[in-house]
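# Commentary on secondary and tertiary structure
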Amino acid sequence: MTKKPIQFDHILLFVVIALMGVGLVMVYSASSVTSLAKMSDGLYYFKRQLSWVIVGLLAMIFTSAIPYNKLEKIAVPLLGLAIVLLIVVLIPGVSRDIGGAKRWLRFGSIGFQPSEFAKICFVLYMAHSISARQKLIKNFWYGMLPDLFVTALVFLLIYKEPNLSTATLIGGTYFAMYFLGNGSLTNLGSLAGCGLVLIITLIFQAGYRTRRLMAFLDPWENAKSSGYHIIQSLVAIGSGGISGLGLGQSRQKFFILPERHTDFIFAIICEELGLVGGVAVLVLFFILIWRGFYIASRAPNMFGFLTAAGITSVIALQVLVNIGVVLSLLPTTGVTLPFISYGGSSILFLAIGIGILLNISRYGSQDNLYQNLRALPFSSKFKDLEPSNLRRK
């Protein structure tokens with residue numbers, strides 16, 4: 001490993017803190033009415049979110065100080081622990097059942113979702129495994145199948161909660177990491193085809209998923225039932241116009257828009273802050289994703305490259321799915337908006353992921369950028385590039 005630079009990626013840190021700040025303000029605004037009605041405290045959800053943000057920042061600082069190469073040594077046991085927790089959450093009477101889904105484990109007054117922990121562990125394991133299989137990575141039986149089996153196991157356990165949206169994110173993350181790990185495009189094409197068939201089959205196996213799909217295709221057909229979420233989301237966005245109704249002035253938060261401080265918080269952002277506020281949030285996410293892949297491209301080895309790319313892919317996929325649902329570009333799912341939606345588990349484990357990214361950024365260099373570009377599946381486009389040229393640029 002190269003000599004450790006003094007500085008880490010300050011842009012990434014600033015953007016994440018900015019997103020957390022926006023999240024705190026909007027969670028308070030979107031949940032104040034609900035908090036007052038249900039908890040007799042208009043600050044209830046805000047105070048809980050603030051406590052998780054503080055814990056998340058401390059965890060981010062802690063993980064940013066751990067040399068990322070040490071994580072490779074514990075990647076396998078970490079994934080093993082994640083799998084055990086995913087099994088435990090399915091045991092009757094152990095997990096907390098919310099809306100028919102068993103996704104939560106509680107330790108006293110503290111609860112968390114093992115699936116959020118599993119995302120980070122999955123990325124670390126795949127970064128370790130794919131980097132170790134580089135000589136065989138294009139071979140289906142030895143380079144892909146072992147990791148595909150692990151992906152299928154994690155996918156199945158999360159799906160059984162049931163949580164198809166997060167399970168699909170796991171599959172999408174593996175797809176991205178295998179591709180960036182110089183995997184076979186033929187294998188990827190076959191995997192994409194099989195995955196699409198699987199997802200469609202699973203959607204039609206559950207009545208509520210089928211209703212969500214039909215509501216996505218025509219929400220007005222069942223405007224008072226399965227199409228209600230998306231219609232009210234679009235009403236909120238449309239009401240905001242260009243400049244919004246004003247911070248705290250949302251009408252949809254008065255028990256009209258469901259999941260207003262969790263899955264559909266972006267609709268409240270657009271209602272109160274308008275198109276300007278919505279675009280500003282998207283720009284922050286764009287910068288975060290850009291910095292994540294930039295850090296990956298400058299990592300000194302394949303494990304660092306894939307770890308940074310995998311964590312960034314998880315965040316990017318969550319943003320795409322959440323925004324897509326809110327804008328009625330995708331069927332309704334239960335995916336939160338990273339760092340903004342209410343939820344302690346998401347804040348904590350994504351912050352840990354950012355801490356790992358910050359640590360990897362300490363080891364980055366322009367020469368590593370050149371080497372990593374040459375290692376990509378489309379590396380032929382970079383054959384004429386030289387490290388000296390890159391440094392001058």
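See the structure shown above.
Residues numbered from 1 in each chain as written. Predicted model: local features only at pLDDT ≥ 70, side-chain atom pairs only at ≥ 80, totals over all residues. Heavy atoms only, no water.

## Quick notes on the packing of helix α6 (residues 140-159) against helix α8 (residues 185-205)
Two elements in contact, α6 and α8, have axes separated by 13 Å at closest approach and are oriented at 20°. Classed by the angle they form, the pair α6 and α8 counts as roughly parallel. Of the two elements, α6 crosses α8, and the hand of that crossing is right-handed. Counted together, F140, M144, L148, F155 and Y159 of α6 and N187, L191, L198, I199, L202 and Q205 of α8 form the full contact between these two elements. Considering only residue class, the contact of α6 with α8 consists of 9 nonpolar, 2 polar and no charged. (Axes fitted to C-alpha atoms, helices over the stretch in contact; angles between N-to-C directions. Helix = DSSP H or I, 4+ residues; strand = E, 2+ residues; numbered from the N terminus. Parallel < 35°, antiparallel > 145°, perpendicular 65-115°, else oblique. Left-handed = near helix turned anticlockwise from the far one by under 90°. Contact = heavy atoms within 4.5 Å. Nonpolar A, V, L, I, M, F, W, Y, C, P; charged D, E, K, R; others polar.)

## As for the packing of aromatic side chains
The geometry of an aromatic ring pair comes down to the distance between the two centres and the angle between the two planes. Following the criterion strictly, the structure yields 10 aromatic pairs and no others. Pairing Y44 with Y45 gives two aromatic rings, centres 5.2 Å apart and planes at 80°, and the pair type is edge-to-face. For Y44, a relative accessible area of 26% corresponds to the partly exposed category. What makes Y45 buried here is its relative accessible area of 11%. The interplanar angle of 75° and the centroid separation of 5.5 Å between the aromatic rings of Y68 and Y363 together place this pair among those described as edge-to-face. With Y68 in helix α3 (residues 68-73) and Y363 in the loop between α13 (344-361) and α14 (366-375), this pair connects stretches of sequence that are 295 residues apart. Three or more aromatic residues joined by ring pairs make a cluster, and in this case those are Y44, Y45 and Y342. (Phe/Tyr/Trp six-rings, centres within 6.5 Å; stacked < 30°, edge-to-face > 60°. Buried < 20%, exposed > 50% of the residue type's maximum accessible area, 1.4 Å probe, protein only.)

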